Amino acid sequence: MASRKPEQSAEAIVGRSTDRRAEQKKWEGDFSFVNEAVPEKKVGRLAVDLWGGRRKRTETRGNGANVPAGEVKFNSENQPRMEAVVERQNLLRALAVVERNRGAAGVDGVSTRELRALMQSRGAEIKASLLAGTYQPLPVRRVELPKPGGGTRLLGIPTVVDRLLQQAVHQVLSPIWERDFSEHSYGFRPGRGTRQAVKAAQRQVQSGQLWVVDLDLEKFFDRVNHDVLMARVARKVQDRRVWKLIRRYLQSGVMVGGWVEARTEGTPQGGPLSPLLSNILLEDLDKELEARGPAFCRYADDCNIYVKSKRAGERVMAAGSRFLAERLRLKVNTTKSVVARPWQRKFLGYSLTWHRPAPLKMASESVKRLRDQVRERFRVGQGRALGTFVREELQPLLRGWANYFCLAEVQGVFEELDGWIRRKLRCVQWRQWKRPGTRLQRMRKRGLTETQAHASAWNGRGPWGNAGAAHMNAAVPAGYYQRLGWISRLA
């Protein structure tokens, strides 16, 4: 990135002297953390018992986390500070992440390819407004995506500048919270992911926890209470400028049809800060579960709690729903949240069988989703050369699914999908041959006898019936599609 001197107006705003190094680097900041202990404030409250019992009034230490967000006492000497957010190397790392992730443009229409030039021209101005605490983010652009189970998922696409700044804030805040996050939380955390969460869930079932409390939070990212969330952010963010910036991102509004709608709740998915904020909010649930003892696995808002009996599961379900409503102001979706056997439910696309030692398998809902996506690819790819279709349309889709479900130990479902996809490919092949004479010629060329080829070409059955017949299996074996680039059995 080209270096240039910071503008004089920016120096006047932030009140920083210009030394030789600052004149050479535009985004210079002090990465200064003062490790001074935060005085803890005792706040009385009636603790909620996860098991439904009654407890005495206790005192909890929360650094102001249990009082309304507006009453939090800030101390500018405590970490993290805005100077760490706008430090040059931190911004450069955030810039590299945003450019690598690409993504759609926000309401201003600026793409990630234009971000570097934009920051070269406006970087000093943006940094000055951040240090002064006056930066105002732009509204997010709303995008609606269909959910696999029906309905739509609302995404909020910030501008590329706001994505850069959110990523910079995330890089500063994430290491601070990571020290205290639960070992049972796997979503959107460094070194953790769906594979670790699924294996952890399998271990719980193998240990004898044969009932699962499947908690589903109703429209979690759209229903997050800003005051509750910011009170928890204030536990460790004592710099008012950083705290206000996060709050402004929550309340920046949504652009819908050219009009900006005010937002009073929710953290729209689409920005780098949203996953971290969701973990910060649900940290209280993790700590309560850890204190009470039941084994659990949580990936963002998807939480499974494992118990030994249905009665214990129903008790945990009732108490957990009450805890979420009273402490975090979140609502549990009663139609999707159930107490059931683990092999009757799915977790992150996986399920288990009732056999010991509870092998992992691809959940039936995931199989249906894959079949729907394959059908859509075949519909869009009609008329294309078969080899091009396999390499450019079909294989990337199957490769992604194979990488995600690499932990599956039950192979029968993959064998069924393998045969089904081969039949669809043969169906496309049969349609492309069109006339009986062409079909006769192609099948003779592929090794069928004159009698077999003639009987097959004029049998009167449709493409799907012929695709599953023995003559097409012999004329177009599995090895033919593998030579085109298709990998068998999603492996």
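Scroll up a little and you will see the structure.
Bear in mind that the values here come from a model prediction, so they are computed numbers and not experimental data.

**Q** Break down the overall build of the chain for me, citing the residues and quoting the values.
**A** Scanning the chain from N- to C-terminus turns up 20 helices and 12 strands. Scored against the burial criterion, the 491 residues of the chain give a buried share of 50%. In the chain, of all internal contacts separated by at least 6 residues, the share reaching a separation of at least 24 is 73%.

**Q** Please give an account of unusual backbone geometry that cites residues and values.
**A** Residues arginine 356 and proline 357 are joined by a peptide bond in cis, for which omega reads 10°. One non-glycine residue, lysine 219, adopts positive backbone phi at about 45°. Tracing the backbone shows lysine 219 in the loop between strand S5 (211–216) and helix H8 (220–223). A positive phi angle, near 60°, is found at lysine 434, a position not held by glycine. Note on placement: lysine 434 falls in the loop between helix H15 (412–433) and helix H16 (436–445). When its relative accessible area of 60% is taken as the criterion, lysine 434 is described as exposed.

**Q** Before we move on, can you summarise the sheet that holds strand S8 (residues 295–299) with the specific residues and values?
**A** Sheets are built from strands that pair by backbone hydrogen bonding, the pairs being arranged parallel or antiparallel. The four strands lie next to each other as S8-S9-S5-S10, forming an open sheet whose pairing is antiparallel. A strand with exactly one partner marks an edge of an open sheet, and here the two such strands are S8 and strand S10 (338–340). Looking at each pair of strands side by side, their axes are set apart by 20° on average, direction ignored. The sheet contacts of helix H11 (residues 273–292) involve S8 and strand S9 (302–307), and relative to S8 the element is tilted by about 175°. Helix H12 (residues 310–327) rests against S5, S9 and S10 of the sheet, and its axis sits at about 20° to S5.

**Q** So, the nonpolar core: which residues are in play, and what are the values?
**A** If you look at the biggest cluster of nonpolar residues, it comprises 66 residues, and the most contacted ones within it are Val233 and Ile246. At nine residues, the largest contribution of residues to this core is made by helix H6 (residues 160–178). Leaving out residues up to four positions away in the same chain, valine 233 has contacts with Trp177, Trp243, Ile246, Leu277 and Ile280. Listed in part, the 52 residues of the second largest apolar core include Val198, Val212, Leu394 and Leu425.

**Q** Could you give an account of the packing of aromatic side chains, naming the residues involved and the relevant values?
**A** Within this structure, the stated rule accounts for nine aromatic pairs. Centre to centre, the rings of phenylalanine 378 and phenylalanine 389 are 4.9 Å apart; their planes meet at 55°, and the pair counts as tilted. Note that phenylalanine 378 is positioned in helix H13 (residues 364–380) and phenylalanine 389 in helix H14 (residues 386–404), a separation of 11 residues in sequence. Of the two residues, phenylalanine 378 and phenylalanine 389, neither departs from the other in class, the shared state being buried. On the basis of an interplanar angle of 75° and a centroid distance of 4.9 Å, the ring pair of tyrosine 404 and phenylalanine 405 is categorised as edge-to-face. The rings of Tyr350, Trp401, Tyr404 and Phe405 are connected pair by pair, giving a single aromatic cluster. A cation over a ring is seen here: lysine 424 above phenylalanine 378, with NZ or CZ 5.2 Å from the ring centre. A cation sits over an aromatic face here: arginine 446 above tyrosine 480, 4.9 Å from the ring centre.

**Q** Lay out the sheet that holds strand S6 (residues 254–256) with the relevant residues and their values.
**A** Taken together, four strands build an open sheet; the order of strands is S4-S3-S6-S7 and the sheet is mixed. The open sheet has two edge strands with one neighbour each: strand S4 (152–157) and strand S7 (259–261). This sheet shows a mean twist of 45° between the axes of neighbouring strands, independent of strand direction. Relative to S6, strand S3 (residues 140–146) runs parallel, the two sharing two bridges. If you follow arginine 141 over to S6, its bridge partner there is methionine 255.

**Q** Outline the packing of H14 against H15, listing residues and values.
**A** At a closest axis distance of 13 Å, the pairing of H14 and H15 adopts a crossing angle of 155°. Relative to H15, the element H14 lies roughly antiparallel. Like other packed secondary-structure pairs, H14 and H15 cross with a definite hand, here right-handed. On the side of H14, the interface is formed by Leu386, Phe389, Val390, Leu394 and Leu398, while H15 contributes Ile421, Leu425, Val428, Gln429 and Gln432. In terms of residue class, the contact of H14 with H15 is made up of eight nonpolar, two polar and no charged.

**Q** Outline the pattern of salt bridges, supporting the account with residue identities and numerical values.
**A** One pass over the full model with this rule turns up 24 salt bridges. The partner of arginine 116 in a salt bridge is glutamate 99, with the nearest N and O atoms 2.8 Å apart. Here the residue arginine 116 occupies a position in helix H5 (residues 115–132), and glutamate 99 occupies one in helix H4 (residues 88–101), the gap between them amounting to 17 residues. A salt bridge links arginine 298 to aspartate 286; the nearest nitrogen and oxygen atoms lie 2.8 Å apart. Placement of the pair is arginine 298 in strand S8 and aspartate 286 in helix H11, with a sequence separation of 12 residues. The same class applies to arginine 298 as to aspartate 286, namely buried. Through salt bridges that share partners, Arg81, Glu83, Asp239 and Arg241 make up one connected network.

The rules we used
Residues numbered from 1 in each chain as written. Predicted model: local features only at pLDDT ≥ 70, side-chain atom pairs only at ≥ 80, totals over all residues. Heavy atoms only, no water. Helix = DSSP H or I, 4+ residues; strand = E, 2+ residues; numbered from the N terminus. Buried < 20%, exposed > 50% of the residue type's maximum accessible area, 1.4 Å probe, protein only. Contact = heavy atoms within 4.5 Å. Pairing = 2+ DSSP bridges. Axes fitted to C-alpha atoms, helices over the stretch in contact; angles between N-to-C directions. Core = buried A, V, L, I, M, F, W, Y, C linked by side-chain atoms within 4.5 Å. Phe/Tyr/Trp six-rings, centres within 6.5 Å; stacked < 30°, edge-to-face > 60°. Lys NZ or Arg CZ within 6 Å of the ring centre and 35° of its normal. Parallel < 35°, antiparallel > 145°, perpendicular 65-115°, else oblique. Left-handed = near helix turned anticlockwise from the far one by under 90°. Nonpolar A, V, L, I, M, F, W, Y, C, P; charged D, E, K, R; others polar. Salt bridge = Lys/Arg side-chain N within 4 Å of Asp/Glu carboxyl O.

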